[in-house]
Amino acid sequence: MAEIRDIERLKRQVEDLKSEIAQAKGARSEALRNLEEEFGVKDLPEARNLLKKLTKKEEESKGEFEEALTEFQSVYGERLNAERLRG
């Protein structure tokens, strides 16, 4: 009897695992579909490449912004501080 219960328990575990696999595959398919809709990439390697490009572009933009801000502050900083003190 114990052997039959063990087999039944194993069978339930196998079925549970099959169900988890099916859910994971569905979630993966949905994620890939979202990536394609939102970013035009078809698979994970393309998504990783796009992420690298966007990260690099973000860092470049951040550097450009910081340079522009520094220049703005050097040109207009004293005027803004004077206005702030008057106001």
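Caption draft 1: Representation of the pattern of salt bridges. Scanning the model with the defined rule gives four salt bridges in all. Note that Lys18 and Glu15 form a salt bridge whose closest N and O atoms lie 3.9 Å from each other. One end of the pair is Lys18 and the other is Glu15, both in helix 1 (residues 2-39) and three residues apart, which spans about a single turn. Among the salt bridges present, the one from Lys42 reaches Glu36, with a minimum N-O distance of 3.6 Å. For Lys42, a relative accessible area of 56% corresponds to the exposed category.

Caption draft 2: Quick peek at the packing of aromatic side chains. Scanning the entire structure with this criterion turns up one aromatic pair. An angle of 40° between the planes, with centres 5.1 Å apart, marks the rings of Phe72 and Tyr76 as tilted. With Phe72 and Tyr76 both in helix 2 (residues 44-86) and four residues apart, the pair spans about one turn of that helix.

What counts as what
- Residues numbered from 1 in each chain as written.
- Predicted model: local features only at pLDDT ≥ 70, side-chain atom pairs only at ≥ 80, totals over all residues.
- Heavy atoms only, no water.
- Salt bridge = Lys/Arg side-chain N within 4 Å of Asp/Glu carboxyl O.
- Helix = DSSP H or I, 4+ residues; strand = E, 2+ residues; numbered from the N terminus.
- Buried < 20%, exposed > 50% of the residue type's maximum accessible area, 1.4 Å probe, protein only.
- Phe/Tyr/Trp six-rings, centres within 6.5 Å; stacked < 30°, edge-to-face > 60°.

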